[in-house]
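# Structural description and commentary
Residue strings, one per chain:
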Amino acid sequence: MNLTSFTDYGLRMLMRMASAPDRAFSTADLAEEFKLSRNHLTKIMQRLAQSGIVETRRGVNGGAILRSKPAEVRLGDVVRLLEQGQALVECFGPDGGNCSIDGCCRLKARLRQAEVSFIEDLNRSTLADIALPERVAA
């Protein structure tokens, strides 16, 4: 199994935000810290804001802030959100893919259950469990 970079980067941003949940983080600062594209992080932040995980603010003290305590944000829910639209296998896609064994496949149900179990297992942990250590000003 391979999570998309969209999910990987989103989790990194949330891990940093969980380290200082009362602080607003700009995508520019996060991009610089993680050496990632600001444009890509902005798209991820928009998805997190649309889902209600973060709140974005404009202005001098602007940036993104967690809307809930880190201990209330379940990892599986975040992964499900960020992986939205990414099928584990072709036949899980919206059009069912081009599968020649559909209808007699015994693997599909097992993969679907494994995917559910993966999310359930991640939901046993929260952002508080994976928060990065706070940065010390240099």
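Since we're looking at a predicted model, the values are computed, not measured.

A separate point is the pattern of salt bridges. Taken as a whole and assessed by the stated rule, the structure comprises 6 salt bridges. Put simply, Asp77 and Arg80 hold a salt bridge, and the shortest N to O gap is 3.2 Å. Of this pair, Asp77 and Arg80 both sit in helix 4 (residues 75-82), 3 residues apart, roughly one helical turn. Residue classification places Asp77 among the partly exposed positions, given a relative accessible area of 37%. For Arg80, a relative accessible area of 47% translates into the label partly exposed.

Structurally, the position occupied by Arg16 is in helix 1 (residues 5-19). Distance in space between the C-alpha atoms of Arg16 and Thr4 is 19 Å, their sequence separation being 12 residues. Side-chain polar atoms of Arg16 contact the backbone oxygen of Pro133, separated by 2.9 Å.

Right, let's talk about the layout of surface pockets for a bit. What the largest pocket holds in volume is close to 460 Å³. Looking at the largest pocket, it is lined by 20 residues, and the ones nearest its centre are Glu83, Gln86, Ala87, Leu88 and Glu115. Of all the secondary structure elements, the ones that give two or more residues to the lining of the largest pocket are helix 4 and helix 5 (108-122). For the lining of the largest pocket, the leading source of residues is helix 5, giving 5 residues. Split by residue class, the lining of the largest pocket holds 10 nonpolar, 6 polar and 4 charged. Lining of the second largest pocket is provided by 15 residues; of these, Thr27, Thr56, Arg57, Gly63 and Ala64 occupy positions nearest its centre. Top contributing element to the lining of the second largest pocket by residue count: helix 3 (residues 38-50), with 5 residues.

Okay, the packing of helix 1 against helix 4 next. At a closest axis distance of 9 Å, the pairing of helix 1 and helix 4 adopts a crossing angle of 140°. Taken as axis vectors, helix 1 and helix 4 run oblique relative to one another. Of the two possible hands of crossing, helix 1 and helix 4 adopt the one that is right-handed. Here Phe6, Thr7, Gly10, Leu11 and Leu14 of helix 1 come into contact with helix 4, specifically with Val78, Val79 and Leu82. Residue classes in the contact of helix 1 with helix 4 are distributed as 6 nonpolar, 2 polar and no charged.

Once that is clear, we can look at the packing of helix 2 (residues 27-34) against helix 3. Contact pair helix 2 / helix 3: the axes reach a minimum separation of 9 Å and the direction vectors enclose 125°. Overall, the two elements helix 2 and helix 3 adopt an arrangement that is oblique. Viewed along their axes, helix 2 and helix 3 form a crossing whose handedness is right-handed. Note on element contacts: helix 3 touches helix 2 through Arg38, Leu41, Thr42 and Met45, opposite Thr27, Ala28, Leu30 and Ala31. Tallied by class, the residues present in the contact of helix 2 with helix 3 amount to 5 nonpolar, 2 polar and 1 charged.

Before going further, it helps to spend a moment on the side chain of Arg16. Classification of Arg16 by relative accessible area gives buried; the value is 5%. Only 2.8 Å separates the side chain of Arg16 from the side chain of Glu33, close enough to count as a polar contact.

Scoring rules and cut-offs
- Residues numbered from 1 in each chain as written.
- Predicted model: local features only at pLDDT ≥ 70, side-chain atom pairs only at ≥ 80, totals over all residues.
- Heavy atoms only, no water.
- Salt bridge = Lys/Arg side-chain N within 4 Å of Asp/Glu carboxyl O.
- Helix = DSSP H or I, 4+ residues; strand = E, 2+ residues; numbered from the N terminus.
- Buried < 20%, exposed > 50% of the residue type's maximum accessible area, 1.4 Å probe, protein only.
- Polar contact = N/O pair within 3.5 Å; in protein donor to acceptor, adjacent residues only side chain to side chain.
- 1 Å grid on protein atoms, 1.4 Å probe; cavity = no way out; pocket = protein on both sides within 12 Å on 5 of 7 lines; lining within 4 Å.
- Points joined across faces, edges and corners; volume = space filled by probe spheres on them.
- Nonpolar A, V, L, I, M, F, W, Y, C, P; charged D, E, K, R; others polar.
- Axes fitted to C-alpha atoms, helices over the stretch in contact; angles between N-to-C directions.
- Parallel < 35°, antiparallel > 145°, perpendicular 65-115°, else oblique.
- Left-handed = near helix turned anticlockwise from the far one by under 90°.
- Contact = heavy atoms within 4.5 Å.

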